[in-house]
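# Overview (structure and organization)
Spelled out from the first residue to the last, the chains are:
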Amino acid sequence: MNKAAFYKITYGIYVVTAGQNGKFNGQIANTMFQVTSAPATVAISINKENYTHELIKLSNKFAVSFLAEAAPMTFIGTFGFKCGRNIDKLKNVKIKIGATKVPIVLDYAIAYLEAELISELDCGTHTIFVGRIVDADVLSQEEPMTYAYYHKVKGGKAPKNAPTYMKEELAAKSEQAAPAAPYVCSVCGYVYDPAKGDPDGGIAPGIRFEDIPDSWVCPVCGADKSKFEKEQ
Ligand code: FE
């Protein structure tokens, strides 16, 4: 079996939210698809260890926000690599309460749907939840973020009016001094690519990992610089 074939499957990037009675949480998921159109139903696959899994079981409903390409890594990181049992992920996020009373994440969302659970399938590590869609809407005409885009494209150049732009001159100098190596976060697997920098985190393209200020943290999981290792 050639598992590389799995990487050819296409996905989107979504925030799945669930809960009730003041207990709410959201997480990043890439596995969602529409199952039928009449009635409109959708399926999502959620890891059993995730707090959101527990809350879908509890509330029998969930909402899904479809993220735009513009969603920064810091935003994805909050929902993707932090546990909602310890922090309130929805605290600093724009939400709306819809038909199911589950908070729908609006930040960087181009569309959303709300669903009531009608079926579930135990798949070992994950559960596939099937929900009847009770409401949905389009929020913007921006491009949806695909899973491939999330992996390949996130990064880019700082615009001239950005506070980080000045650093590019400095970056050019430091690149001359030594070849820049990528560094990997040992917590979440995020790769700091010096060619891309971390514009969302104020690090311009071209800055070597060694030259990043110590106050900088992993844009995905929040781990500090000491948790990074040079990519082999
Ligand atoms: Fe990380």
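Here, the structure is the one placed above.
Below or above, wherever it landed, is the structure these notes cover. Note that this is a predicted model, so its numbers are computed, not measured. (Residues numbered from 1 in each chain as written. Predicted model: local features only at pLDDT ≥ 70, side-chain atom pairs only at ≥ 80, totals over all residues. Heavy atoms only, no water.)

## With respect to the overall build of the chain
From N to C terminus, the chain includes 4 helices and 12 strands. Taking contacts inside the chain between residues at least 6 apart in sequence as the whole, the part at least 24 apart equals 63%. A total accessible area of about 12,600 Å² is found for the chain, and carbon and sulfur atoms account for 52% of it. (Helix = DSSP H or I, 4+ residues; strand = E, 2+ residues; numbered from the N terminus. Contact = heavy atoms within 4.5 Å. Areas by Shrake-Rupley, 256 points an atom, 1.4 Å probe, with all protein chains shown as cover.)

## Examining the sheet that holds strand β5 (residues 61-67)
In any sheet, the strands associate via hydrogen bonds between backbone groups, in a parallel or an antiparallel arrangement. Ordered in space as β2-β1-β5-β8-β9-β4-β3, the 7 strands form an open sheet in which the pairing is antiparallel. With partners counted over all chains shown, the strands left at the sheet margins are β2 (23-29) and β3 (32-37), one partner each. If you compare each strand with its neighbour and ignore which way they point, the axes differ by 30° on average. One ladder, built from 7 bridges, connects strand β1 (residues 14-20) with β2; its direction is antiparallel. Across the sheet, Val15 pairs through a bridge with Ile28, a residue of β2. Helix-sheet contacts for helix α2 (residues 73-80) involve β1, β2 and β5, and the interaxial angle to β2 is about 120°. (Pairing = 2+ DSSP bridges. Axes fitted to C-alpha atoms, helices over the stretch in contact; angles between N-to-C directions.)

## Looking at the coordination of the iron ion
For the iron ion, the protein coordination sphere consists of Cys185 (SG), Cys188 (SG), Cys218 (SG) and Cys221 (SG), at 2.3 Å. Around the iron ion sit 4 donor atoms, and with donor-metal-donor angles ranging over 104 to 115° the site reads as tetrahedral. (Donors = N, O, S within 2.8 Å, 3.2 Å for Na, K, Ca; no water. Tetrahedral: all angles 85-135°; square planar, octahedral: opposite > 155°, others 65-115°.)

## Side note on the sheet that holds strand β12 (residues 228-230)
With respect to topology, 3 strands assemble into an open sheet ordered β11-β10-β12, the strand pairing being antiparallel. Looking at the sheet topology across the chains shown, the edges are occupied by β11 (191-192) and β12. Alignment of strand β10 (residues 183-185) against β12, held across 3 bridges, turns out to be antiparallel. In the strand pairing of β12, Val184 is matched with Glu229.

## Re the nonpolar core
Among the nonpolar cores identified, the biggest contains 30 residues, and Phe75, Cys185, Tyr190, Tyr192, Trp216, Cys218 and Phe228 are the most heavily contacted of them. Among the elements of the structure, α2 and β10 are those that each provide at least two residues to this core. The contacts of Trp216, once residues within four sequence positions are left out, are Tyr190, Tyr192, Asp198, Gly201, Ile203, Phe209, Asp224, Lys225 and Phe228. Counting residues in each nonpolar core, the second largest holds 17 residues, with Tyr14, Ala29, Ile44 and Leu113 among its members. (Core = buried A, V, L, I, M, F, W, Y, C linked by side-chain atoms within 4.5 Å. Buried < 20%, exposed > 50% of the residue type's maximum accessible area, 1.4 Å probe, protein only.)

All we've got here are geometric facts, nothing functional implied.
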